[in-house]
Amino acid sequence: AQSVTQLDSHVSVSEGTPVLLRCNYSSSYSPSLFWYVQHPNKGLQLLLKYTSAATLVKGINGFEAEFKKSETSFHLTKPSAHMSDAAEYFCVVSELTGGGNKLTFGTGTQLKVEL
Amino acid sequence: SQTIHQWPATLVQPVGSPLSLECTVEGTSNPNLYWYRQAAGRGLQLLFYSVGIGQISSEVPQNLSASRPQDRQFILSSKKLLLSDSGFYLCAWSYRGNQPQHFGDGTRLSIL
């Protein structure tokens, strides 16, 4: 069985400072991992994905994440936060099943960006 | 490019009334399709997924059902809504394999 733990339910940063959202996973197989962002009353938007290629993955809006197998982590980072980054972020592990794939979501990290 | 549409965006229904939420995908063929529910302050719960027309897998027992009458159409239904059915319903699609899912903008369902 696979699982995801997002270590912080809320993170607050100042605009222009770095962002770090932490995620640890558990999976029986070589996992595919994703980060999604959700703005209020909107669907989830894919930020980036890891599917067993390069361990440092670059995504949209300046975000990136590093897959560390030894630490079972997939933390999301951004060098400089912008006000528009304020949203909820979900770390997700994916598992193949019956022709489709099942996503297991973390409980989310609410990112607040202050002036 | 591929797009996914959900409607309505918001819906207020009385307890015991029926429900039909529709989701359509454009720009791709034979996608995997998914219905999720997101309750306030909680994560996403997978309700149903489909790998083809007429093929529905249910993840949780409940009074909801899903149907896929056409390749790119996915419908979530209920004959009688319960208060506990309130939430934010999201439809998603993906390619075959271990690929990310792409989400619609959701339907906010309130049961009175």
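Residues numbered from 1 in each chain as written. Chains lettered and ligands numbered in written order. Predicted model: local features only at pLDDT ≥ 70, side-chain atom pairs only at ≥ 80, totals over all residues. Heavy atoms only, no water.

Visitor: Describe the interface of chain B and chain A, listing the residues and the values that go with them.
Guide: Taken together, the contact between chain B and chain A spans 23 residues of the former and 23 residues of the latter. Of the roughly 1,800 Å² buried where chain B meets chain A, counting both sides, 51% is carbon and sulfur surface. The three residues of chain B that bury the most area against chain A are N98, P100 and F103 of chain B, which together make up 30% of that side's buried surface. At the boundary of chain B with chain A, the tally comes to 1 salt bridge. Here E59 of chain B ties to K102 of chain A by a salt bridge, and the two come within 3.2 Å at their closest N and O atoms. On the surface where chain B and chain A come into contact, there are 4 residue pairs in polar contact (both at pLDDT 80 or more). At the level of elements, β4 (32-38), β5 (44-52), β9 (87-94) and β10 (102-103) of chain B are the ones that each hand at least two residues to the side of chain B that touches chain A. A per-class count over the side of chain B that touches chain A returns 10 nonpolar, 9 polar and 4 charged. (Contact = heavy atoms within 4.5 Å. Buried area = accessible area lost by both parts, 1.4 Å probe. Salt bridge = Lys/Arg side-chain N within 4 Å of Asp/Glu carboxyl O. Polar contact = N/O pair within 3.5 Å; in protein donor to acceptor, adjacent residues only side chain to side chain. Helix = DSSP H or I, 4+ residues; strand = E, 2+ residues; numbered from the N terminus. Nonpolar A, V, L, I, M, F, W, Y, C, P; charged D, E, K, R; others polar.)

Visitor: I'd like a rundown of the state of the cysteines, residues and numbers included.
Guide: Overall, the coordinates contain 2 disulfides over all chains when judged by the stated rule. Put simply, C23 of chain A and C91 of chain A are joined by a disulfide, and their sulfur atoms are 2.0 Å apart. Because the sign of the S-S torsion sets the handedness, a value of about -70 degrees for the bond joining C23 of chain A and C91 of chain A places this disulfide among the left-handed ones. Note that C23 of chain A is positioned in strand β4 (residues 23-26) and C91 of chain A in strand β10 (residues 87-97), a separation of 68 residues in sequence. Its relative accessible area of 0% is what places C23 of chain A among the buried residues. Of the residues examined, C91 of chain A reaches a relative accessible area of 0% and is grouped as buried. Each sulfur in the disulfide pair C23 of chain B and C91 of chain B lies 2.0 Å from the other. The sign of the -75 degrees torsion about the S-S bond sets the C23 of chain B-C91 of chain B disulfide as left-handed. Remark: C91 of chain B occurs in strand β9 and C23 of chain B occurs in strand β3 (residues 19-26); sequence separation between them is 68 residues. (Disulfide = S-S within 2.5 Å. Buried < 20%, exposed > 50% of the residue type's maximum accessible area, 1.4 Å probe, protein only.)

Visitor: Residues and numbers for the side chain of T28 of chain B, please.
Guide: Residues and elements named next belong to chain B. The topology assignment puts T28 in the loop between β3 and β4. With relative accessibility at 9%, the residue T28 sits in the buried group. Excluding residues that lie within four positions of it along the chain, T28 makes contacts with Q2, R72, W93 and Y95.

Visitor: Any chance you could break down the environment of G27 of chain B for me, citing the residues and the numbers?
Guide: Residues and elements named next belong to chain B. One can find G27 in the loop between β3 and β4. Between the alpha carbons of G27 and Q45 there is a distance of 26 Å; along the sequence they are 18 residues apart. With residues up to four places along the chain from it excluded, the contact list for G27 reads S1, Q2 and R72.

Visitor: Which residues make up the pairing of strand β8 (residues 73-78) of chain B, and what values do they have?
Guide: Residue and element names in this part refer to chain B. Summarising burial for β8: 5 of the 6 residues are buried, a large majority. Note that β3 and β8 share 6 bridges and pair antiparallel. Bridging from a neighbouring strand, L21 pairs with L76 of β8. Two elements, strand β7 (residues 64-70) and β8, share 5 bridges in a ladder whose sense is antiparallel. Paired with Q70 across the two strands is Q73, which belongs to β8. Between β7 and the antiparallel strand that follows it, β8, lie 2 residues. (Pairing = 2+ DSSP bridges.)

Visitor: Account for the packing of aromatic side chains, naming residues and giving values.
Guide: The full count for this structure, using the stated rule, is 15 aromatic pairs over all chains. Centre to centre, the rings of Y36 of chain A and F103 of chain B are 5.5 Å apart; their planes meet at 90 degrees, and the pair counts as edge-to-face. One end of the pair, Y36 of chain A, is in strand β5 (residues 32-38); the other, F103 of chain B, is in strand β10, on a second chain. Here Y36 of chain A and F103 of chain B have matching classes, each one buried. Measuring from centroid to centroid gives 4.9 Å for W93 of chain B and Y95 of chain B, while their planes differ by 85 degrees, and the two rings are edge-to-face. The class for W93 of chain B is buried, based on a relative accessible area of 2%. For Y95 of chain B, a relative accessible area of 38% translates into the label partly exposed. Feature note: the residues F34, Y36, F90 and F105 of chain A together with Y34, Y36, Y49 and F103 of chain B constitute an aromatic cluster, connected by ring pairs. (Phe/Tyr/Trp six-rings, centres within 6.5 Å; stacked < 30°, edge-to-face > 60°.)

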